[in-house]
Amino acid sequence: MILSRRKLIGIGAAGAGGLLLGGCDRLNDSETFRGVLGGATGLNQRTQRLLMGDGLAKEFSEADISPVFKANGSLAVGDPAYKAHLARGFADWGLQIDGLVKQPLMLPLSYLKSLPQRVQITRHDCVEGWSAIGKWQGPQLGTVLAQAGLLPSAKYAVFHCADVLEGAQYYESIDLTDAFHPQTILAWAMNGQPLSEPHGAPIRLRVERQLGYKQAKYIMRIELRDTLAGLYRGGGGFWEDARGYQWYGGI
Ligand SMILES: Nc1nc2c(c(=O)[nH]1)N[C@H]1C(S)=C(S)[C@@H](COP(=O)(O)O)O[C@H]1N2
Ligand SMILES: [Mo]
């Protein structure tokens, strides 16, 4: 992590302002997005955004896919409603989208599979000291959010998960820059197969410029919010609350 940041610093920040706004045309006219940029907090996030702009995380080839991809954190979900959906192959499950949206939605898994798909082979880096390369498929989160239509006050997408880890509900959040990044997808397939329970069935987030703990599994609900304050313990995510991990878990 530190090495790649040092490498980036070598590039210098010239033209970083242009990079920052470049490629974000879809959001340029949104008050909210300007608000997010203006209000960005945290040195890690600011530094990375300046240096990387709208850059893509590295993608790999089929030959690079790890033969074993460790599952981490929750490996199963205890919630009876989840178990019932799992047993039925999530045939009548729906992803709930609500909060600061024009139109709250409940989207069936079949609908998520019918949207334009993105396939990406990327490296997952866990702070516990392991990495693995996997192939992920699903619709871009931006496409899904556009269906609901964001209200101008929306600043964060919060992922509410089905699992309880170490006594607390798992959740995560990202800002709209990452939410509309092309490599941010709601993955329902891993290495060409529907997600298994250990890896987050029926859908999990892939937000490829950030660390493993941001890749929320078992997503049941996406809530659009203007603040992370007042949600669980206010850190914006399970590990942020539990262990003080950085909210912007940049790689
Ligand atoms: N809902 C949920 N999402 C989660 C976790 C979890 O325990 N519950 N663990 C996180 C961590 S720390 C990592 S490294 C990855 C692990 O993903 P994997 O099990 O597919 O390897 O999921 C992340 N997302
Ligand atoms: Mo992790």
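Everything that follows concerns the structure shown earlier in this document.
Residues numbered from 1 in each chain as written. Chains lettered and ligands numbered in written order. Predicted model: local features only at pLDDT ≥ 70, side-chain atom pairs only at ≥ 80, totals over all residues. Heavy atoms only, no water.

Caption draft 1: Structural detail: unusual backbone geometry. A cis amide bond links Ala201 with the next residue in sequence, Pro202, at an omega value of 0°. Following the sequence through the fold, Pro202 ends up in the loop between strand 9 (193-194) and strand 10 (204-207). Residue Glu166 is not a glycine yet carries a positive backbone phi of 45°. Checked against the element boundaries, Glu166 lands in the loop between strand 5 (156-165) and strand 6 (168-175). In this structure Glu166 comes out as exposed when scored by relative accessible area, which is 58%. The phi angle at Tyr218 is positive, at roughly 50°, despite the residue not being glycine. (Helix = DSSP H or I, 4+ residues; strand = E, 2+ residues; numbered from the N terminus. Buried < 20%, exposed > 50% of the residue type's maximum accessible area, 1.4 Å probe, protein only.)

Caption draft 2: Up close: the packing of aromatic side chains. Per the stated rule, a full pass over the model turns up 11 aromatic pairs. Both rings, one in Tyr82 and one in Tyr218, keep their centres 5.7 Å apart while their planes meet at 90°; by these two values the pair is edge-to-face. With a gap of 136 residues between them, Tyr82 in helix 6 (residues 80-87) and Tyr218 in the loop between strand 10 and strand 11 (219-225) connect regions that are remote in the sequence. Take Tyr82 and Tyr218: they sit in the same class, and that class is buried. Between the aromatic rings of Phe238 and Trp239, the centroid separation amounts to 4.8 Å while the plane-to-plane angle is 85°, which identifies the pairing as edge-to-face. A relative accessible area of 4% means that Phe238 is categorised as buried. Residue class for Trp239 comes out buried when judged on its relative accessible area of 8%. Here the aromatic cluster, defined as three or more aromatic residues joined through ring pairs, consists of Tyr170, Tyr213, Phe238, Trp239 and Tyr245. Taking the ring centre of Phe60 as reference, the NZ or CZ of Lys58 above it sits at 5.1 Å. If you follow Lys113 out to its NZ or CZ, it ends over the ring of Trp188, 4.6 Å from the centre. (Phe/Tyr/Trp six-rings, centres within 6.5 Å; stacked < 30°, edge-to-face > 60°. Lys NZ or Arg CZ within 6 Å of the ring centre and 35° of its normal.)

Caption draft 3: Summary view of the pattern of salt bridges. This model, assessed by the stated rule, comprises 12 salt bridges. In this structure, the salt-bridge partner of Arg243 is Glu166, at a minimum N-O distance of 3.6 Å. Remark: Glu166 occurs in the loop between strand 5 and strand 6 and Arg243 occurs in helix 10 (residues 238-243); sequence separation between them is 77 residues. A salt bridge links Asp178 to Arg209, with the nearest nitrogen and oxygen atoms 3.0 Å apart. Of this pair, Asp178 sits in helix 9 (residues 176-179) while Arg209 is found in the loop between strand 10 and strand 11, placing the two residues 31 residues apart along the sequence. Grouping residues by exposure puts Asp178 and Arg209 together as buried. (Salt bridge = Lys/Arg side-chain N within 4 Å of Asp/Glu carboxyl O.)

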